[in-house]
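Spelled out, the chains give:
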Amino acid sequence: MWTISEDLGEYAKHAEPYLLTDPVANTVPLTVLANLRAGMPHDGAFFGWYTGDGEVRGAIFRTPPFPLGLAAMPVEAVPALVKALDTRQIPAVQGPLPLADALAAGRRITHHRAERLYRLGELTAPAGVPGTGRIATAADTGLLAAWSAAFLAEATSDPVHDVRQIVERRTARGDLVIWEDGGAPVAFAGVSTPAGGVSRIGPVYTPPEARGKGYGSAVTAFGSRHALDTRSEHVVLFTDLGNATSNKIYQEIGYLPVSDYAHITF
């Protein structure tokens, strides 16, 4: 049985203990919950949890304009979820591949992006990449806002929202790192606030004119080390399976595949 609610407190009360049973697989819903508690705007948001055999076994969340997010759940919970959502408008869904595909069944799909979740094993920093890493400061806000917008336009189908506000908030928390070469920024990465002992790397962006020099690998490794040293037991990231280069370089610095996900737009 699904319970759909707009009450964040009720959602956290019922769903969070379940999500924490596998904080790696549920990194996205746990991170979203942490951000909502920290003050992330959530007008029009709703949440849900699935109860089976007397215990919570699944969860969902929607924070417009972002897709419906699916936590781990039995695939047989999906048909009941479709009925529970009733007339709520769902323009897109993101979550574990079998669940996202099951929810998309029978709908007209305009975009399907296959993704893979990786977990960091033994970190190996790339050798021979010129430059050094540092934590972003408020002085970097304008550049990182522009780079964040460029990343969204290039790599995702997500709506371009107020990236400057997000950059300001993440910079204040120490969540953004920069790779510099010759004193100039050449790449950046995000390091999420830990949730359940897990931080997630993303986005990772190198402007086109600086690509092919290993900066993306270097800033990812630097951000991963920053996470392990200052905030998290585990570090994860998502890749676009259509980008063979990113999947290769992340594995080279120590990331191990966990499971596949999908981002589907209707």
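Everything that follows concerns the structure shown earlier in this document.
Every residue gets a number counted from 1 within its own chain, in the order that chain's sequence is written. Residues qualify for local features only when their pLDDT is at least 70, as the model is predicted, and side-chain atom pairs are given and counted only at 80 or more; totals for whole chains, interfaces and linings, by contrast, use all residues. Side-chain numbers come from the whole structure's heavy atoms, not from hydrogens or water.

Moving on: the packing of aromatic side chains. By convention here, two paired aromatic rings are described through the distance between centres and the angle between planes. In summary, the pairing rule links any two rings of Phe, Tyr or Trp, Trp by its six-membered ring, whose centres are within 6.5 Å, and it sorts them by plane angle into stacked for under 30 degrees, edge-to-face for over 60 and tilted for everything else. Summed over all chains, the structure comprises six aromatic pairs. With a centroid separation of 6.1 Å and an interplanar angle of 55°, the aromatic rings of Trp 147 and Tyr 205 are classed as tilted. Taken together, the positions of Trp 147 in helix H5 (residues 141-155) and Tyr 205 in strand S10 (residues 198-205) put the pair 58 residues apart, joining distant regions of the chain. Relative accessible area decides the class of each residue, using a 1.4 Å probe on protein chains only: under 20% of the type maximum gives buried, over 50% gives exposed, and in between gives partly exposed. Classification of Trp 147 as buried rests on a relative accessible area of 10%. Secondary structure elements follow DSSP: runs of H or I of four or more residues count as helices, runs of E of two or more count as strands, with numbering from the N terminus.

Quick look at helix H7 (residues 215-230) now. Residue count minus one, scaled by 1.5 Å, sets the expected span of a helix. In a regular helix each residue adds 1.5 Å, so 16 residues correspond to 22 Å; H7 covers 22 Å between its end C-alpha atoms and thus fits that length. Inspection of H7 places Tyr 215, Gly 216, Ser 217, Ala 218, Val 219, Thr 220, Ala 221, Gly 223, Ser 224, His 226 and Ala 227 among the buried residues, and these make up the whole buried set.

Put simply, Pro 64 and Pro 65 share a cis peptide bond, and its omega is 10°. Its location among the elements puts Pro 65 in the loop between strand S3 (55-62) and strand S4 (68-70). Across the junction of Gly 202 and Pro 203, the peptide omega takes the value 0°, indicating a cis bond. With respect to the helices and strands, Pro 203 occurs in strand S10. Even without a glycine there, the phi angle at Asp 53 is positive, about 55°. Looking at where Asp 53 falls in the secondary structure, it is placed in the loop between strand S2 (46-52) and S3.

In this section: the nonpolar core. In terms of nonpolar packing, the biggest core is built from 24 residues, with Trp 179, Ile 201, Tyr 215, Val 219, Tyr 250 and Tyr 255 touching the most fellow members. Secondary structure elements with two or more residues in this core: strand S6 (111-120), strand S8 (176-181), strand S9 (184-191), S10, H7, strand S11 (234-240) and helix H8 (244-252). Residue contributions to this core peak at five residues, all from H7. One finds Trp 2, Ile 60, Met 73 and Val 78 within the second-largest nonpolar core, a separate group that totals 20 residues. In this description, a nonpolar core means a group of buried Ala, Val, Leu, Ile, Met, Phe, Trp, Tyr and Cys residues linked to one another through side-chain atoms lying within 4.5 Å.

Here we come to the pattern of salt bridges. Salt bridge, as applied in this entry: a Lys or Arg side-chain nitrogen positioned within 4 Å of an Asp or Glu carboxyl oxygen. According to the stated counting rule, one finds 12 salt bridges in the structure shown. The partner of Asp 229 in a salt bridge is Arg 225, and the shortest N-O contact between them spans 3.3 Å. You can see Asp 229 and its partner Arg 225 sitting in helix H7, four residues apart, about one turn around the helix. The exposure class assigned to Arg 225 is partly exposed, which follows from its relative accessible area of 37%. In the salt-bridge network here, residues are joined through shared partners; they are Arg 134, Asp 140 and Glu 180.

Here we come to the pairing of S2. Where burial is concerned, most of S2 is hidden: six out of the seven residues are buried. What makes two strands pair is DSSP finding at least two bridges between them. Of the strand pairs in this sheet, strand S1 (residues 2-5) and S2 are connected by four bridges, and their pairing is antiparallel. Bridge pairing links Thr 3 to Trp 49 in S2. Pairing of S2 with S3 involves seven bridges; the strand directions are antiparallel. The residue of S3 that forms the bridge with Phe 47 is Phe 61. In this antiparallel pair of consecutive strands, S2 and S3, the connection spans two residues, and Asp 53 shows a positive phi of 55°.

Bear in mind that shape data such as this cannot, by itself, settle questions of function.
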